[in-house]
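As a plain string of letters, each chain reads:
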Amino acid sequence: PQLGYDYLCNFGITTLVDNRVEKNGSVSSDIQQALALGGITDGVTNLEMTAAYATIANQGTYIKPKFYTKILDHDGNVLIDNTTPESHTVIKDTTAWLLTSAMEDVMTSGTGTSAYFGSSMAQAGKSGTTTSSRDALFAGYTPYYTCAVWGGYDDNAMQKGSDTNYPKRIWKAVMKRIHENLAYKDFTKPSGIVAVAVC
């Protein structure tokens, strides 16, 4: 569990709980086996989830999200320059490619088929739900863009009905539209990947 926790920290997830004593005296920690299934005490923000998936799409390099690049005064002088990205390697490019390859199958023959917007662009993604469908999520990417769509209630109430596909449909609608006039791209396979035929 510690290794998984450390990886999540490197992927930019800041909501993790190391060891916290709650008001009732109980101790909360995300360093446990449930972490492998997304069991995180305080959840994850959409921004951080998107940045984590973008790390995989970016061959294993995390780039800290930012909302602006420069702030200029009325004369055009730069007051704050935020153009240099903060980045670091989280996983090897070969590992990122293998994850991408697995998540491509999610789109074409797995739980993400309702998010797939066709063969006009390479796509990879992963769906997710929590107990009693309190949360529904789809996160995915193409060689151009990464997007994560979360659905649920801020108070963690159960969602009525059993439809957890709506984040996939939203993802599909948004990503299909922003890719309309973009040339087809595939994910770049790094050197070091060896294909083996299995009989």
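Just so we're clear, the structure is a prediction, and the values are computed from it rather than from any experiment.

A. Just unusual backbone geometry, in detail. One non-glycine residue, Q59, lies in the positive phi region at around 55°. Here Q59 lies in the loop between α2 (46-57) and β3 (61-63). Residue Q59 is classed as partly exposed on the basis of its relative accessible area of 38%.

B. Representation of the side chain of Q123 within the structure. Among the secondary structure elements, Q123 is positioned in the loop between α3 (93-109) and β7 (124-129). From its side chain, Q123 meets the backbone nitrogen of F117 in a polar contact 3.1 Å long. Among the polar contacts listed, one links the side chain of Q123 to the backbone oxygen of M121, at a separation of 3.1 Å. Setting aside residues no more than four positions away along its own chain, Q123 makes contact with M103, E104, M107, A115, Y116, F117, G118, Y141, T142, W171 and F187.

C. Quick look at the pattern of salt bridges. In total, this model carries two salt bridges according to the counting rule given. For R20, the salt bridge identified is with E22, shortest N-O distance 3.0 Å. Linking D42 and R20 is a salt bridge whose minimum nitrogen-to-oxygen distance equals 2.8 Å. Of this pair, D42 sits in the loop between β2 (27-28) and α2 while R20 sits in strand β1 (residues 20-21), placing them 22 residues apart in sequence. Look at D42 and you get partly exposed, because its relative accessible area is 43%. Exposure remark for R20: the relative accessible area of 29% places this residue in the partly exposed category. Beyond isolated ion pairs, a larger network of salt bridges with shared partners links R20, E22 and D42.

D. Layout of the pairing of strand β5 (residues 78-81). As paired elements, strand β4 (residues 70-72) and β5 share three bridges and run antiparallel to each other. When the sheet's bridge partners are listed, I71 is paired in β5 with I80. Between β4 and the antiparallel strand that follows it, β5, lie five residues; G76 among them carries a positive phi value of about 90°.

E. Here's a closer look at helix α4 (residues 166-178). Counted at 1.5 Å a residue, the expected span for α4 with its 13 residues is 18 Å, and the 19 Å between its end C-alpha atoms agrees. Among all positions in α4, only P167, K168, W171 and M175 are buried. Seen along its axis, α4 keeps its buried residues to an arc of 95°; they face one direction. Contacts made by the buried residues of α4 are with α3, β7, β8 (135-141) and β9 (146-152).

F. Inspection of the side chain of T100 at higher detail. Inspection of the secondary structure assignment puts T100 in helix α3. Each residue touching T100, except ones within four places of it in the same chain, is listed here: I56, A124, Y141 and F187.

Definitions and cut-offs
- Residues numbered from 1 in each chain as written.
- Predicted model: local features only at pLDDT ≥ 70, side-chain atom pairs only at ≥ 80, totals over all residues.
- Heavy atoms only, no water.
- Helix = DSSP H or I, 4+ residues; strand = E, 2+ residues; numbered from the N terminus.
- Buried < 20%, exposed > 50% of the residue type's maximum accessible area, 1.4 Å probe, protein only.
- Polar contact = N/O pair within 3.5 Å; in protein donor to acceptor, adjacent residues only side chain to side chain.
- Contact = heavy atoms within 4.5 Å.
- Salt bridge = Lys/Arg side-chain N within 4 Å of Asp/Glu carboxyl O.
- Pairing = 2+ DSSP bridges.
- Expected span 1.5 Å × (residues − 1).
- Arc of directions from axis to C-beta.

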